Amino acid sequence: TCQRIPMIEHFSSSTCFPCVFTNKGMDTLTANNPGKYTYVKYPMNGPFPGDPYYTSECGTRRNYYNIDNVPKIFLDGVLTGEELPQEKLDRSYNTTSFIDIRGSFTVNEADSSITVIADFFSYADIKNIVAYVSVNEKTTTKNIGSNGETEFHHIMMKLLGSQHGTKLNLEAGKYQRLEFTYDMSQTNMEDINDLEVAIWTQSHSTREIHNSRFAYEYTEHVYPAQNLNVTTIGEDPKLKLTWEAPEQGTPDGYNIII
């Protein structure tokens, strides 16, 4: 098993007055828990006239969770209400997972594109799940509405691949890779140098989220070592490990875990 990173999905709007208090609470919670969460905030189209950054993909996630008003916060696919208590975040973080996730992204300022590579490694056979890859902007200021807030955090700009997720069938001991490139000028992006990418896996029917990660930012993808072999030597066997360098990348070293 591996470290679980709790997945926070937050439904909000710049035209929602109760959202102000929820946002302040979430700002405090995330500041107190660096590295212990992945976060996506979906701007909604209500109360009227709704957040200017609402998209149909935000609506798809709202319909998936059957939400009729905001603010609403989900942790690992489970509704927590209008707030997320520290103890629930701690409980999730201290629960192990069978899926490890790593990713990275780079941007091309010349054409406003983002390229994302995500790897999913499983310690068990896990079938019929979906992977989500969300490009967020860390701070936005141009979607001001009527609730008095002047900046907003972790705002979803684009779900890469299908808005219903990309299907995965994971096998124990193997990893699966997804790669995406997208023109972010087609979104509400304000600053290409202020992006983050959230990655998570979920069972569509049960809403269970298995694990999540923020991708490494603005950096070359970390490729794993390949062709790992384990053999035994002698009558009192000892293990001999061999592996080869990644197909791409220039790693400083390897962590091989048996």
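Check the entry above for the structure.
Residues numbered from 1 in each chain as written. Predicted model: local features only at pLDDT ≥ 70, side-chain atom pairs only at ≥ 80, totals over all residues. Heavy atoms only, no water.

Peer 1: Can you explain a negative patch on the surface? Please cite residues and give values.
Peer 2: On the surface, E82, E83, E87 and D90 cluster together into a negatively charged patch. Take E87: it is sitting in helix α3 (residues 86–93). (Patch = residues over 30% accessible without salt bridge, like charges linked within 9 Å, V, L, I, M, F, W, Y side chains within 5 Å. Areas by Shrake-Rupley, 256 points an atom, 1.4 Å probe, with all protein chains shown as cover. Salt bridge = Lys/Arg side-chain N within 4 Å of Asp/Glu carboxyl O. Lys, Arg positive; Asp, Glu negative; His and termini not counted. Charge placed at Lys NZ, Arg CZ, Asp CG, Glu CD. Helix = DSSP H or I, 4+ residues; strand = E, 2+ residues; numbered from the N terminus.)

Peer 1: Please give an account of the state of the cysteines that cites residues and values.
Peer 2: Under the defined criterion, the tally for this structure stands at one disulfide. Two residues, C16 and C19, share a disulfide whose sulfurs are 2.3 Å apart. What sets the handedness of the C16 and C19 disulfide is the S-S torsion sign, and at about 90° it is right-handed. By relative accessible area, which is 1% here, C16 ends up buried. There is no disulfide at C58, and the cysteine sulfur nearest it, in C19, is 13 Å away. (Disulfide = S-S within 2.5 Å. Buried < 20%, exposed > 50% of the residue type's maximum accessible area, 1.4 Å probe, protein only.)

Peer 1: Let's hear about the sheet that holds strand β6 (residues 113–122): which residues, and what values?
Peer 2: Strand order in the open sheet formed by three strands is β5-β6-β10, and the pairing between neighbours is antiparallel. For this open sheet the edge positions go to β5 (99–108) and β10 (175–183), each flanked by a neighbour on one side alone. When the angles between neighbouring strand axes are averaged without regard to direction, this sheet yields 15°. Where β6 and β10 come together, nine bridges link them in antiparallel fashion. Bridging from a neighbouring strand, S113 pairs with D183 of β10. (Pairing = 2+ DSSP bridges. Axes fitted to C-alpha atoms, helices over the stretch in contact; angles between N-to-C directions.)

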